[in-house]
Amino acid sequence: MGKIKIQGELIEYREKELKVDDLLFWAENPRVYSILRMNTNGEEPTQSEIENIMIQKCPNVKELRSSIKANGGLTHAIFVRNNVVIEGNSRLAAYRLLCRTDKLTWAKIRCNVLPDDVSDDLLFALIGSIHINGVTEWTPFEQAGYFFRHLQKSKKPIEAICKECGLTPAKAKLYVKVYETMIANEDTDQTKWSYYFEMLKNKSIPDKNSNRPELNLIDTLCQKIKDGSIDNASDLRKVAKLAQANSVEANNALSSYLQGDESLDSAVAKVSEEDKKKHALDVTRKFREQLVDKDFILKLMADDDDFKFEMQKIMSRMQKFITVQ
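Residues numbered from 1 in each chain as written. Predicted model: local features only at pLDDT ≥ 70, side-chain atom pairs only at ≥ 80, totals over all residues. Heavy atoms only, no water.

### A closer look at a nonpolar patch on the surface
Working step 1: A surface patch of nonpolar side chains, amounting to about 430 Å² of accessible area, comprises Phe-287, Leu-291, Ile-314, Met-318 and Phe-321.
Working step 2: In terms of residue count, helix H17 (residues 305–324) provides more of the nonpolar patch than any other element does, three residues in total.
Working step 3: Tracing the backbone shows Phe-321 in helix H17. (Patch = residues over 30% accessible without salt bridge, like charges linked within 9 Å, V, L, I, M, F, W, Y side chains within 5 Å. Areas by Shrake-Rupley, 256 points an atom, 1.4 Å probe, with all protein chains shown as cover. Salt bridge = Lys/Arg side-chain N within 4 Å of Asp/Glu carboxyl O. Helix = DSSP H or I, 4+ residues; strand = E, 2+ residues; numbered from the N terminus.)

### What to know about the pattern of salt bridges
Working step 1: Evaluated as defined, the whole model comprises 15 salt bridges.
Working step 2: Measuring nitrogen to oxygen at the nearest pair gives 3.4 Å for the salt bridge that ties Glu-51 to Arg-100. Linking Glu-51 in helix H2 (residues 47–57) with Arg-100 in helix H4 (residues 89–101), this pair joins segments that are 49 residues apart in sequence.
Working step 3: We classify Glu-51 as buried; its relative accessible area is 15%.
Working step 4: Put simply, Glu-87 and Arg-91 hold a salt bridge, and the shortest N to O gap is 2.8 Å. (Buried < 20%, exposed > 50% of the residue type's maximum accessible area, 1.4 Å probe, protein only.)

### Section: the nonpolar core
Working step 1: Counting 64 residues, the largest nonpolar core has Phe-147, Met-199, Ile-205, Leu-221 and Val-239 as its most contacted members.
Working step 2: The contacts of Val-239, once residues within four sequence positions are left out, are Ile-205, Leu-217, Leu-221, Leu-254, Tyr-257 and Leu-264.
Working step 3: Of all hydrophobic cores here, the second largest spans 28 residues; its members include Ala-27, Ile-55, Val-85 and Tyr-95. (Core = buried A, V, L, I, M, F, W, Y, C linked by side-chain atoms within 4.5 Å. Contact = heavy atoms within 4.5 Å.)

### As for a negative patch on the surface
Working step 1: Together, Asp-304, Asp-305, Asp-306 and Glu-310 make up a region of like negative charge exposed at the surface.
Working step 2: By the secondary structure assignment, Asp-305 is in helix H17. (Lys, Arg positive; Asp, Glu negative; His and termini not counted. Charge placed at Lys NZ, Arg CZ, Asp CG, Glu CD.)

### Some words on the pairing of strand S5 (residues 108–113)
Working step 1: Where strand S2 (residues 9–19) lies against S5, six bridges are found, and the strand directions are antiparallel. Bridge pairing links Leu-18 to Ile-109 in S5.
Working step 2: In this structure, strand S3 (residues 78–81) lies alongside S5, joined through three bridges in parallel fashion. Each bridged residue has a counterpart across the sheet, and for Val-80 the counterpart in S5 is Val-113. (Pairing = 2+ DSSP bridges.)

### Focus: unusual backbone geometry
Working step 1: A positive phi angle, near 70 degrees, is found at Asn-83, a position not held by glycine.
Working step 2: Along the chain, the position of Asn-83 falls in the loop between S3 and strand S4 (84–87).

### Focus: the sheet that holds strand S1 (residues 2–6)
Working step 1: Judged by pairing direction, the sheet is mixed, and its five strands sit side by side in the order S1-S2-S5-S3-S4 without closing on themselves. Looking at strand neighbours, the two that pair on one side only are S1 and S4, the edges of this open sheet. Here the strands of the sheet are splayed against their neighbours by 45 degrees on average, with no regard to which way each runs.
Working step 2: Pairing of S3 with S4 involves three bridges; the strand directions are antiparallel. Residue pairing for S4: Phe-79 is matched across the bridge by Glu-87.
Working step 3: Together, S3, S4 and S5 form the strand contacts of H4, whose direction differs from that of S4 by roughly 130 degrees. (Axes fitted to C-alpha atoms, helices over the stretch in contact; angles between N-to-C directions.)

Spelled out as structure tokens, the structure:
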């Protein structure tokens, strides 16, 4: 018999070995929740579907298989309630892999069996202590999804749930807001988490969205994130800089970027003198590099009237600069 203290309450559990085939994966496991619902069109996944996704999509499962095999078993038992593995689904998947080649050796797995009547709130606190502020943390996307679903299910104030898992209210509210935005945008690809997070963590973008609804700022950015039009999450910081500026020029530049009429770097360059200089230097450097192939440039000027026209305009303006000097 073992004991564990959760939220000040002492819970006793039984330490025993259970048959691997008798245990069930937890369908709400944050590591695969979104992938499973996407592959099953929102339907409750079967145990076989969960196992296959765990093995195919969770790289740590195969690493665990090797570690478990080398150690001759688990170093940390899994937690089970009503035959459902509440904590340790990756380890169960690793055991299932081992069973495929040696059923006899890996037929049973070490478990900490919790009482059937342990509340969902206590389980949330237990899992949160391990995966939200513990030694094996979930990704921010996984944490947000788990927190969001528990918030909906428990109907508790967000501050009360924060005390159960150790998140600060400010962080929890931001996580929920980001996760809700991803769901609303029908984009639960967790590799995109940092994009949505950057978009919403700085107040300048949400504030601009509220103050200038005609820009349709957040909806447009969500679409750009979803379709891959934004190269890096850090680009959202540039958008935040545009949103923070309140000049007519900055608003026009932001609008041009959102409509696809201007690149983000070009739009940002209009906001400050420093950015304007950097943009001018980048463009000039790239243009200089294009002029390295003299024969190619001369051929273009001879064969392409549009190119010839632009080059003549450039040379004319450069001549004026030289004259001024």
